[in-house]
Amino acid sequence: MSSLQTLSRGLTALKLVAQKENGLAIAELAEALGVHRAIIYRLVSTLESHDLVTRGLNGRICLGGGVVALASRVEPQLRAMARPLLQELAERTQATAFLCVGQGEECVAVEVAEPETLLLSVSYRVGSRHPLERGAAGIAVASLRPERPEDSEALRQARRDGYSVTRGQLQAGAIGVAAPLVYPAESHFRFEGCVGVVALQDLDVEAATKATLDCAQQLVNCME
């Protein structure tokens, strides 16, 4: 078995384990991957040696602490990649630009940029959070999630358009535009987030939408 095939199976095994709250048994993982149990034992042993999985007393395989350590570095790296792109977006639109991520049922701003000449800024700072399905950013992030019967028309529209535009939902007079981070089907990387802009003054929504979609695509390309 080639090293690339082994790596691919190991990554697939990690994703399968992550999808199950109570983990997976060796037999279940072998069946899911379509390989002999002996291969799974070797894969699990290797993943255990790197603290990426752990076996409980019941023998079920769960994610290990090493995954948490890796995940803790994702957001800082994403912010570093996004920072220059957001600054360019802010200058291009003359509005506050942001990168937001989904955390449970909330949308959280993790990076913000403002144009140097902005006179009137929106109160949108790193750490700002609000419910999903409110504000352009929240709706954009929610559009990445599976459809539900109770979804709002604004959310359904965002899925159709590929972006969201809102007015005055989070702050009176504010206009927001946001585009979700959409990855190619073959991508192993998935980060539930969006980029966008928000302004209190008149905003050229059409131009801002194009700039925001361009920024989202550039950021996705950086992560590939």
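Residues numbered from 1 in each chain as written. Predicted model: local features only at pLDDT ≥ 70, side-chain atom pairs only at ≥ 80, totals over all residues. Heavy atoms only, no water.

Draft legend 1. Seen up close, the side chain of T166. With respect to the helices and strands, T166 occurs in strand β6 (residues 164-167). In this structure T166 comes out as buried when scored by relative accessible area, which is 8%. (Helix = DSSP H or I, 4+ residues; strand = E, 2+ residues; numbered from the N terminus. Buried < 20%, exposed > 50% of the residue type's maximum accessible area, 1.4 Å probe, protein only.)

Draft legend 2. Broad picture of the state of the cysteines. Counted according to the given criterion, the structure contains zero disulfides. Counting only cysteine sulfurs, C222 is the nearest neighbor of C215, a cysteine outside any disulfide, at a range of 9.2 Å. Here C215 falls in the buried class, since its relative accessible area comes to 4%. (Disulfide = S-S within 2.5 Å.)

Draft legend 3. View of helix α2 (residues 26-33). Of the residues making up α2, those classed as buried are I26, L29, A30 and L33. For α2, the angular spread of the buried residues around the axis is 100 degrees, confining them to a single face. Positive backbone phi, approximately 70 degrees, marks G34, located one or two places after α2. (Arc of directions from axis to C-beta.)

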